[in-house]
Amino acid sequence: MTYLAKPRLHHPSLTTNKVGYTRRDYEGKISTLCAGCGHDSISAAIIQACWELDIEPHRVAKLSGIGCSSKTPDYFLGASHGFNTVHGRMPSVLTGANLANRDLLYLGVSGDGDSASIGLGQFAHVMRRGVCMVYIVENNGVYGLTKGQFSATADRGSKSKKGVINSDSPVDLIGMALQLGATYVARSFSGDKAQLVPLIKGAISHGGAAFIDVISPCVAFNNHAGSTKSYDYVREHNEAVNRIDFITPRSEITTDYAPGEVVEVLQHDGLTLRLRKLHDGYDPTDRLAAMNHVQTHQARGEVVTGLLYVDPDASDLHEALNTSATPLNALGRQELCPGAQALAKLNAALR
Amino acid sequence: MKRIEAVNDFVIKFANVNGSGSTSANELFAKAILRMGVPVSPRNIFPSNIQGLPTWYEVRVSEKGYQGRRGGVDMMVAMNPQTWDADVAELEPGGYLFYDSTRPLPPSKFRADIHVIGMPLTDICNAIYSDPRQRQLFKNIIYVGALSVLLGVDGEVIEALFAEQYKGKEKLLDSNVRALHLGRDFAKEHLDAPLGIRVRRADAVGEQIFVDGNSAAALGCIYGGATVAAWYPITPSSSVAEAFQKYCARYRVDPATGQNKFAIVQAEDEIASIGIVVGAGWNGARAFTATSGPGVSLMTEFIGLAYFAEIPVTIINVQRGGPSTGMPTRTQQADILSCAYASHGDTKHVLLFPEDPHECFEHAAAALDLADRLQTPVFLMTDLDIGMNQRLCQPFEWDEAREYDRGKVMTAEDLEAGKDFGRYKDVDGDGIPWRTLPGTHPTRGSYFTRGTTRDAYARYSERGPDYVYNVQRLLKKFETAAGLVPQPVLRDATRKTRLGVIYFGSTSPAMHEALDVLTDAGIHLDALRLRAFPFPQVVAQFLTDHDEVFVVEQNRDAQMRSLLVNELDVDPARLVRVLHFDGTPITARFITQAITQHVHAEAVTSQRKVKDHNLRECTA
Ligand SMILES: Cc1ncc(C[n+]2csc(CCOP(=O)(O)OP(=O)(O)O)c2C)c(N)n1
Ligand code: SF4
Ligand SMILES: [Mg+2]
């Protein structure tokens, strides 16, 4: 068998979720990344989020590009199909896969080199098209897999492990995603699971193009003083605009909050996100204000995190293309072939 | 003075200005002849430009049904002052020059050995129409009217075509009929008709249809069950995607729900186009892209992935003149090698070579089956000549009982029953492994698709034996492919011969005509038309059975010959190059001349070994 065989007998104390799986059923192969790599924490957060949301693992398709980050889909959701595509081109493959079967959940995992350098074009266009997906960039500011060269998200003035100062302006994936029409845009930190897991859950339940930029330190090549993507730097400069307190069906919301303290966002699949505000007056449903806020605070060297923007009325590419409710890959000759009679008519018209 | 005399066998060429609306008038002219039961093969010769540059429309009329470009022009309709001199020079002695005589031209602008027919088209139009656009458009119809009288084309046939075209648009219909009559009446009154060349009703068209290869390929994708198409505009392939869109609107909208049973994405480039096709193919939908040489170049990394990770992909390559932007609106067969071996590492791909729109349809549907069956990229190698020109061909056929061959896909039941699943394991001995689609089974059959090496169970492995097992299996799969692709078509000479000829794709009609001419001249050749790569066994046999085999192709470097030499280990000295690559479609005259010259040279020097067997185009 090509999936990782797991003992079916679980420890009785392992709790199952509503679809009958334990958290372990969402795991994958043993990671081969460096100990302490931020990417592994993100894999753990994905596992947690899928388990908590009662997603059947095999209904997820995991797609990635090339890089340490792009290897991670092998390390979670072992019962899902995965596709490690080519460097920087995961978005197009994900788009095609999504068009073929609208019933699966599409999870795209990429790196900052994969998405902001070689893949910037595909990143931009997949956002423009509004492909329904969760797109996670595991952002460490370097090319981990090719041993530490600066990537396009490295901040100007940040220092490489070898002491080189980066003089290029960084690509701001959050800014691009906002500008290009992504309908769920968030940033988080691999070291803050409490923030990250709900953000992933929110993205999964979103129903449109959801993008999460996760700062994910590379312990091998970019975790030193002078780096703006190190654990220390991000902890010191993390400015969260809000926290997703929980995600539940609307009917189950019971907790009371003081007025103005929370924002509720009803998602596509009927789940409600309850956001607790951490920053005065931050409105995550105002795209322009979000762009402004992120730019302003970024300029001060802050790492703005949280759910930066969400459009509760998101639509997706299938809606735009008016594709059939039955997935295209489930249509057969009967549904697709116009038949001999139609062809005879067509022939006649061509004489 | 000599006067070319020919019934139902001549070439007429229209020299126009791009963007002047001449194409539809010229097409009308060609179709009218067709409706009289006389085969025509028109060719649009156009620049890479939207308005103002020269464009030509060449119509070969041939009751015998020869559809290749003949070479030479018997009548020129010279409507473009920019190209006047060259157009006049191109006429055969004794030919006919039709022109707009509104403004007088000095005698030096004409030739003494041609017949000149002047008609004051601009004056006629200006007298009747005041709107400049109308003057332009109806001028075209007026000359069609005049030509119909000169060449004996039935006016009622043209009117019937108008009636079909403008059904429900009575005003347009009336004004077109009126313009037609203007032209016809003027010609009857003032011109010497008919000419020495003319059209006579015949019965040589039969059941055949008149259609362009790009529309046919798009229709093949509809019939073959493609649901996802991704493309990026590039001449001469764009009309494949546009036709697919059109046919989808007609055949693929669910009447009950109004929902589309297709998804078409105009991607940001060819890399994304092929990426989308790879994603859809991986996920079990039939998908294709249409492009031309530059697009294939961009796609090559993905093509390697699809080959190695074994994902069904259909690529329609409507070839044009390369390299680089090359001759974007001219035809060539010059992507044979770049497609056969596209991508890095050891790769080989299935290529199909349709000869006309009929086969564009058939091979497009076949490509989708083959891609699924073989789990690999399949190229449909057409070219501008058959892609963008309407061609008379056999009607499309579809067997109602035909099922799609979805290849080896394990179902949830297979997995549930405990069938062993090794994604890259050869269990059937044909090199083709089984695959599973995402979402099939809760606990079984998932795997991680990747371009890196892995073992037969899709587990990451850089072990030499695992790698070798896998790439050897891919070779075996390629051998299997040779038996599944459309097989070559043999056409034996009327007598035993040591000479053979191999050709493919759009060269067919010119080759068939050349074979007739050569036979009449006493040169006998067995002919083999390749319809696909990998080469089936009969190709090797054909090479063994003949001392010398001409390989006729439309590129400079004899790419098909290289492929034959490389794949079949034949002695290159026995394969004689016949190469045409100036961007115009190959002609029977060219092939005949090249082969005749070689055969005669051989006869002269039969004692000594001929060193250079190669015939090259001398005009390029
Ligand atoms: C076409 C191509 N060029 C270059 C490479 C080499 N390469 C592999 S991973 C990588 C960079 C990955 O960086 P990133 O996406 O940030 O991932 P990380 O390893 O940092 O997680 C490069 C340049 C490649 N695989 N393909
Ligand atoms: S090199 Fe960096 S990114 Fe790659 S696994 Fe190691 S720590 Fe992670
Ligand atoms: Mg990186």
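Computed from a predicted model, the values in this text were never measured in an experiment.

Engineer: Before we move on, could you go through the overall build of chain A and cite the residues and values that matter?
Structural biologist: A tally of regular secondary structure across chain A gives twelve helices and 13 strands. Relative to the 2.2 N^0.38 estimate, which gives 20 Å for 351 residues, the radius of gyration of chain A is 21 Å and therefore close to what a compact globule would have. For the C-alpha atoms alone, the extent of chain A along its principal axes is close to 75 × 50 × 50 Å. Within the span of chain A, comprising 351 residues, buried residues form 58% of the whole. Contacts in chain A between residues far apart in sequence, at least 24 positions, make up 69% of those at least 6 positions apart. Entry remark: accessible area of chain A is about 13,600 Å², with carbon and sulfur atoms responsible for 52%. Considering chain A, the positive charge centre built from 33 side chains and the negative charge centre built from 34 side chains are found 8 Å apart.

Engineer: Can you lay out the packing of aromatic side chains for me, pointing to particular residues and giving the numbers?
Structural biologist: In the structure shown here, the tally under the stated rule is 25 aromatic pairs over all chains. Of the aromatic side chains, those joined through ring pairs into one cluster are B:Phe14, B:Phe29, B:Tyr57 and B:Tyr143. The cationic tip of A:Lys62 hangs over the ring face of A:Phe76; the distance from NZ or CZ to the ring centre is 5.8 Å. Just above the ring of B:Tyr424 sits the side chain of B:Arg454; from NZ or CZ to the centre is 4.1 Å.

Engineer: Outline the site of ligand 1, listing residues and values.
Structural biologist: For ligand 1, the set of nearby residues contains 17 residues, the closest of which are A:Cys68, A:Ser69, A:Gly113, A:Asp114 and A:Gly144. Taken together, the residues near ligand 1 originate from chains A and B. Within the backbone of A:Cys68, a nitrogen or oxygen atom sits 2.8 Å from an oxygen atom of ligand 1. The separation between an oxygen atom of ligand 1 and a polar main-chain atom of A:Asp114 is 2.7 Å. In isolation ligand 1 offers 590 Å² of accessible surface; the protein chains occlude 77% of this area. Taken together, the elements giving at least two residues each to the shell around ligand 1 come down to helix 2 (68-71), helix 4 (112-117) and strand 5 (142-143) of chain A. Here the shell around ligand 1 gets three residues from one element, more than from any other, and that element is helix 4 of chain A. Grouping the constituent residues of the shell around ligand 1 by class yields five nonpolar, nine polar and three charged.

Engineer: Please set out the environment of B:Leu490 residue by residue, giving values where relevant.
Structural biologist: Residues and elements named next belong to chain B. The topology assignment puts Leu-490 in strand 18 (residues 489-491). Since its relative accessible area comes to 47%, Leu-490 is described here as partly exposed. When the C-alpha atoms of Leu-490 and Leu-515 are compared, they prove to be 13 Å apart, with 25 residues separating the residues in sequence. Beyond its immediate sequence surroundings of up to four residues, Leu-490 is in contact with Ala-527, Leu-528 and Phe-542.

Engineer: Hey, could you go over the coordination of the magnesium ion (ligand 3) for me, with residue numbers and the actual values?
Structural biologist: Residues and elements named next belong to chain A. The protein atoms donating to the magnesium ion (ligand 3) are Asp-112 (OD), Asn-140 (OD1) and Val-142 (O), with metal-donor distances spanning 2.1 Å. Motif for the magnesium ion (ligand 3), donor spacing along one chain: D-x27-N-x1-V. Of this pair, Asp-112 sits in helix 4 while Asn-140 sits in the loop between strand 4 (133-139) and strand 5, and the two are 28 residues apart along the sequence. Its relative accessible area of 2% is what places Asp-112 among the buried residues.

Engineer: Provide a residue-level description of the sheet that holds strand 21 (residues 532-533) of chain B, including the pertinent values.
Structural biologist: Picture the strands of a sheet paired through backbone hydrogen bonds; they go either parallel or antiparallel. Residue and element names in this part refer to chain B. On the basis of which strands lie adjacent, the open sheet formed by seven strands has the order 11-10-12-13-15-14-21 and mixed pairing. The open sheet is flanked by strand 11 (263-266) and strand 21, the only strands paired with a single partner. Sheet topology places strand 14 (residues 350-352) next to strand 21; two bridges connect them, and they run antiparallel. Among the inter-strand pairings, Leu-352 is bridged to a residue of strand 21, identified as Ala-532.

Basis of the calculations
Residues numbered from 1 in each chain as written. Chains lettered and ligands numbered in written order. Predicted model: local features only at pLDDT ≥ 70, side-chain atom pairs only at ≥ 80, totals over all residues. Heavy atoms only, no water. Helix = DSSP H or I, 4+ residues; strand = E, 2+ residues; numbered from the N terminus. Rg over C-alpha atoms; globule rule 2.2 N^0.38 Å. Buried < 20%, exposed > 50% of the residue type's maximum accessible area, 1.4 Å probe, protein only. Contact = heavy atoms within 4.5 Å. Areas by Shrake-Rupley, 256 points an atom, 1.4 Å probe, with all protein chains shown as cover. Lys, Arg positive; Asp, Glu negative; His and termini not counted. Charge placed at Lys NZ, Arg CZ, Asp CG, Glu CD. Phe/Tyr/Trp six-rings, centres within 6.5 Å; stacked < 30°, edge-to-face > 60°. Lys NZ or Arg CZ within 6 Å of the ring centre and 35° of its normal. Near = heavy atom within 4 Å. Polar contact = N/O pair within 3.5 Å; in protein donor to acceptor, adjacent residues only side chain to side chain. Nonpolar A, V, L, I, M, F, W, Y, C, P; charged D, E, K, R; others polar. Donors = N, O, S within 2.8 Å, 3.2 Å for Na, K, Ca; no water. Pairing = 2+ DSSP bridges.

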